[in-house]
Amino acid sequence: AQSVTQLDSHVSVSEGTPVLLRCNYSSSYSPSLFWYVQHPNKGLQLLLKYTSAATLVKGINGFEAEFKKSETSFHLTKPSAHMSDAAEYFCVVSDPGNTDKLIFGTGTRLQVFP
Amino acid sequence: DTGVSQNPRHKITKRGQNVTFRCDPISEHNRLYWYRQTLGQGPEFLTYFQNEAQLEKSRLLSDRFSAERPKGSFSTLEIQRTEQGDSAMYLCASSLGQGTDEQYFGPGTRLTVT
């Protein structure tokens, strides 16, 4: 079965320093992968998605992720954290039997300190 | 485009009572999804609709749960004889069509069963 593993439940960074949120996936073939962000009291928002085109995917708010098949990873990065980036981030894979069905990881809470 | 809306935002009910939640998707979005998110976990797929047709139901959706989308626009999710284990955030999302179209999420309805 498809699944994603988010390796860190919490990540803390200082404002202006790089962000790395790690995600590994399990799949028997090339999956569709996403990163969603959830701010308190707001709906989940799509940051970026990978659908077998370019392996380096650029998203909104300066985030990007690189699909590495050899490592089965899809880590999310940002060169410089901003206070407004503090939120919960979810790595997501689509179900191969039904690409409309999203399978979420357990989430990584990002804290940004001034 | 006013986004996906969900009502109510919060619901507190006593065990054994029935509750109903409403989701209004983005207009012209054909697909509508329901997810459940418990504390500290990522959202889990429950069911989804293509227009008024319910296409798939998760094993998580016991026979106490029923979802409808009678005219292919708004949807309702009803839980009968609520249990404390039903306490969660219920999320609704919509998308234009199939495959890897972005799913736009509403803010959710938080259910607390006492």
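In this numbering scheme, every chain counts its residues from 1 along its sequence in written order. Chain A is the first chain written and ligand 1 is the first ligand written, with later ones labelled in order. Selection of residues for local features in this predicted model requires a pLDDT of at least 70, selection of side-chain atom pairs for listing and counting requires 80 or more, and totals for whole chains, interfaces and linings are taken over all residues. Side-chain metrics in this entry use all non-hydrogen atoms of the structure; hydrogen atoms and water are not considered.

With that settled, the discussion passes to the environment of A81 of chain A. Residues and elements named next belong to chain A. Helical segments are the DSSP runs of H or I of at least four residues, strand segments are the runs of E of at least two, and each set is numbered from the N terminus. Residue position: A81 is located in the loop between strand 9 (73-78) and strand 10 (87-95). Exposure remark for A81: the relative accessible area of 4% places this residue in the buried category. A sequence separation of 67 residues divides A81 from S14, and the C-alpha atoms of the two residues are 7.2 Å apart. When neighbours within four sequence positions are excluded, A81 is seen to be in contact with V13, S14, E15, G16, T17, V19 and V112. Exposure classes here rest on a 1.4 Å probe applied to the protein chains alone. A residue is buried below 20% of its type maximum, exposed above 50%, and partly exposed in between. Contacts are assigned to residue pairs with any non-hydrogen atoms lying within 4.5 Å of each other.

This part is about the confidence of the model for chain A. Confidence of the predictor in every single residue is expressed as pLDDT, which spans 0 to 100. Here chain A averages 91 in pLDDT, and 95% of its residues register 70 or above. Here strand 11 (residues 98-104) of chain A stands out as the element of chain A with the lowest mean pLDDT, 81, in contrast to strand 3 (residues 19-21) of chain A, whose mean of 98 is the highest.

Residues and elements named next belong to chain B. The criterion for strand pairing is that DSSP finds at least two bridges linking the strands in question. The four strands are arranged 1-3-8-7 in an open sheet whose pairing can be described as antiparallel. Here the strands that pair on one side only, and so sit at the sheet edges, are strand 1 (5-7) and strand 7 (65-68). Here the average twist between neighbouring strands, direction ignored, is 15°. Strand direction decides the pairing type here: strand 1 and strand 3 (residues 19-24), joined by three bridges, are antiparallel. Following the sheet pairing, S5 is matched in strand 3 by D24. Lines fitted to C-alpha atoms define the axes here, with helix axes fitted over just the stretch in contact, and angles between the N-to-C directions of these axes take values from 0 to 180 degrees.

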